[in-house]
Amino acid sequence: MLVKLIATGIAALLFFVVLIAAAAASILTAFTNAGNSGSHQPSPHALADIPADYLALYQQAAPTCPGLDWSILAAIGKVETDHGRSTLPGVAEGTVNHAQAGGPMQFLQPTFDAYDDTIPPGGATPPSRYNPHDAIHAAAAYLCDSGAPEDLYTAIYAYNHADWYVRKVLAQAEQYRTAATVPPQAGGWGVPAQGTCTSGFGPRNGERHNGLDIAAPTGTPIVAATDGTVIDSGPATGYGLWIRIQHPGGVITTYGHNHTNHVQSGQAVRAGQPIGEIGNRGESTGPHLHFQIDAGGQPVDPVTYYQQQGAPSLCG
Ligand SMILES: [Zn+2]
């Protein structure tokens, strides 16, 4: 009898824990959606200087602090440890510097411990300040608690109490952002993701490939090809997770196999606005973007279509 009561109690407790986890996940998703609109694209300097895995982590963690731009996290990562590449003490696993800070974002253990339960899965178990995923997510949470994004100066000052430090971080962040969040021409077309074209439009293995495949690491940003309205954002057979955007003139663009989507159906988007991240979901054999353009209800060759629009080349 007692055993049964205990078992019932544990079952009830487990149910409660699941409920809390579900609530936390939905809050996080809401933040991700709200936080990503208007974020900046990496500048050529950022793409050259920041390792791809770190860039993806900065971009993934920033939206957990709604309105915080990824470039602030990236600038802190640069100033602190050159994105984990510094060979100074306190960067490598298990070492600390003279101030007891450690890891790519230079956390003191007690500060990191205060945030380790806010870190989503994907890093070390248990979370570690030496793990880039965990450290960057903890940094986003810490900045948010310290006033970001509204009071960025105070937030960065909390990270390291020096005026020169704040100015250095802000200047670095500026260098990492492109000047404009949208291409110069309103209504123009831009490349939806930076990557390598691996499979073109047309016949493929006895079937027809209705789009263009652009391969890039999971987490690489996907941006809206041109201005429009999101008509689908969610799971889709074959595509895993997709986004479809309606544009003027009966044109629809499709973005498939996504790792995450940052937009919702009904949302207006601008050319170049981040809408999601490249992934490997659905019928996919490696992380890539399936980019499809339908004009008048028929899929057309995206490469040819871009040439006709006078748009930048899709495949470099
Ligand atoms: Zn494809």
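Right above here is the structure, for reference.
Residues numbered from 1 in each chain as written. Predicted model: local features only at pLDDT ≥ 70, side-chain atom pairs only at ≥ 80, totals over all residues. Heavy atoms only, no water.

## Digging into the coordination of the zinc ion
Move 1: Only His 209 (NE2), Asp 213 (OD) and His 290 (ND1) from the protein reach the zinc ion as donors, at distances of 1.9 to 2.2 Å.
Move 2: Motif for the zinc ion, donor spacing along one chain: H-x3-D-x76-H. Residue Asp 213 is located in strand E6 (residues 212-215), and its partner His 290 is located in strand E14 (residues 288-295); the two are separated by 77 residues in the primary sequence. (Donors = N, O, S within 2.8 Å, 3.2 Å for Na, K, Ca; no water. Helix = DSSP H or I, 4+ residues; strand = E, 2+ residues; numbered from the N terminus.)

## Regarding the sheet that holds strand E13 (residues 274-277)
Move 1: Spatially, E7-E13-E11 is the arrangement adopted by the three strands of the open sheet, whose pairing is antiparallel. A strand with exactly one partner marks an edge of an open sheet, and here the two such strands are strand E7 (221-223) and strand E11 (260-261).
Move 2: Taken together, the three bridges between E7 and E13 define a ladder with antiparallel strand orientation. Bridge pairing in E13 links Ile 222 to Gly 276. (Pairing = 2+ DSSP bridges.)

## Re the state of the cysteines
Move 1: Applying the stated rule across the entire model yields two disulfides.
Move 2: Shown here is the disulfide that connects Cys 65 with Cys 144, its sulfur atoms set 2.3 Å apart. Taking the sign of the torsion about the S-S bond as the criterion, the disulfide between Cys 65 and Cys 144, at about 90°, is right-handed. In this pair, Cys 65 sits in the loop between helix H3 (52-61) and helix H4 (70-81) while Cys 144 sits in helix H6 (residues 132-145), placing the two residues 79 residues apart along the sequence.
Move 3: In this model, Cys 197 is linked to Cys 315 through a disulfide, with the two sulfur atoms separated by 2.0 Å. Between Cys 197 and Cys 315 the sulfur-sulfur dihedral comes to about -90°; the bridge is accordingly left-handed. Note that Cys 197 is positioned in strand E3 (residues 196-199) and Cys 315 in the segment after helix H9 (302-309), a separation of 118 residues in sequence.
Move 4: The exposure class of Cys 197 is partly exposed, given its relative accessible area of 27%.
Move 5: The partly exposed category is assigned to Cys 315, whose relative accessible area is 37%.
Move 6: Ordinal numbering of bonded cysteines along the protein defines a disulfide pattern of 1-2, 3-4. (Disulfide = S-S within 2.5 Å. Buried < 20%, exposed > 50% of the residue type's maximum accessible area, 1.4 Å probe, protein only.)

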